[in-house]
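Residue strings, one per chain:
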Amino acid sequence: MLKRKAEKEKFNKIIRLIGKDAQKGLECFYEEYGKIIYLTAKTNGCSHEKANIVINTVLIKIWQKAEQISNVENPKAWVSTVAKNCAKDELNEAWGLELKEEICASSDGLQEVVGKNEFDYLLSPLKDDEKDLFVLRFVVGCTFQEIADFLKKPLPTITTTYYRALEKIKNFLKKGKNE
């Protein structure tokens, strides 16, 4: 409880600073939450470049809405949710490329696996809600109870989902070793 209260106070202080001095406030916000935003974007399918665009988008949204942001109970989970929504928006943008035959060249998929970091690779067999749970648990550092409170789901549902997702990851890794 004390940890969450301290996080909430720190978050509110940064938001107030954004209202007074946008540059300093956004720098503080980025230092505190930039990693969470980046990793949330990556686990939701964004490339490195798109994840950086998501960071900028989140910072702009925070800056524009700073006066309206209040009473955020779990700042890290809230930031993660905002980042997830911005990542989905970024991935839904129209392509800027002309579709040509050369783009559809076949590949063995090895580069895709090599190009992703381990966390993305491990979470790849999971559904979006399971990925979110792992981001909240390991990136944001929330307890199961905090996740349950934030998602407004019963604690047993959260733990069951977590352990089933963990089994999916184990089976995915076993399957990869057998191939």
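Residues numbered from 1 in each chain as written. Predicted model: local features only at pLDDT ≥ 70, side-chain atom pairs only at ≥ 80, totals over all residues. Heavy atoms only, no water.

1. Observations regarding empty space enclosed by the protein
Phase 1 of the analysis: Scanning the entire structure with this criterion turns up 1 cavity of 30 Å³ or more.
Phase 2 of the analysis: Size it by volume and the largest cavity reaches roughly 80 Å³.
Phase 3 of the analysis: Forming the walls of the largest cavity are K3, R4, E7, N74, K76, V140, G141, C142 and E146.
Phase 4 of the analysis: Broken down by element, the residue count for the lining of the largest cavity peaks at 3 residues, all from helix α1 (residues 2-20).
Phase 5 of the analysis: A class-by-class count of the residues in the lining of the largest cavity yields 2 nonpolar, 2 polar and 5 charged. (1 Å grid on protein atoms, 1.4 Å probe; cavity = no way out; pocket = protein on both sides within 12 Å on 5 of 7 lines; lining within 4 Å. Points joined across faces, edges and corners; volume = space filled by probe spheres on them. Helix = DSSP H or I, 4+ residues; strand = E, 2+ residues; numbered from the N terminus. Nonpolar A, V, L, I, M, F, W, Y, C, P; charged D, E, K, R; others polar.)

2. Considering the packing of aromatic side chains
Phase 1 of the analysis: A full pass over the atoms with the stated rule returns 10 aromatic pairs.
Phase 2 of the analysis: Taken together, a centroid distance of 5.9 Å and an interplanar angle of 75° make the contact between F11 and Y33 edge-to-face. Residue F11 is found in helix α1, and its partner Y33 is found in helix α2 (residues 22-43); the two are separated by 22 residues along the sequence.
Phase 3 of the analysis: Residue class for F11 comes out buried when judged on its relative accessible area of 0%. (Phe/Tyr/Trp six-rings, centres within 6.5 Å; stacked < 30°, edge-to-face > 60°. Buried < 20%, exposed > 50% of the residue type's maximum accessible area, 1.4 Å probe, protein only.)

3. Describing the packing of α1 against α2
Phase 1 of the analysis: As a packed pair, α1 and α2 sit with axes 6 Å apart at the nearest point and diverge in direction by 150°. Taken together, the axis directions place α1 and α2 in an arrangement best described as roughly antiparallel. Crossing of α1 against α2: the hand is left-handed. Counting all contacts with α1, which are made through E7, K10, F11, I14, I15, L17, I18 and K20, the residues of α2 involved are A22, K24, G25, L26, C28, F29, E32 and Y33.
Phase 2 of the analysis: For the contact of α1 with α2, a count of residues per class yields 10 nonpolar, 1 polar and 5 charged. (Axes fitted to C-alpha atoms, helices over the stretch in contact; angles between N-to-C directions. Parallel < 35°, antiparallel > 145°, perpendicular 65-115°, else oblique. Left-handed = near helix turned anticlockwise from the far one by under 90°. Contact = heavy atoms within 4.5 Å.)

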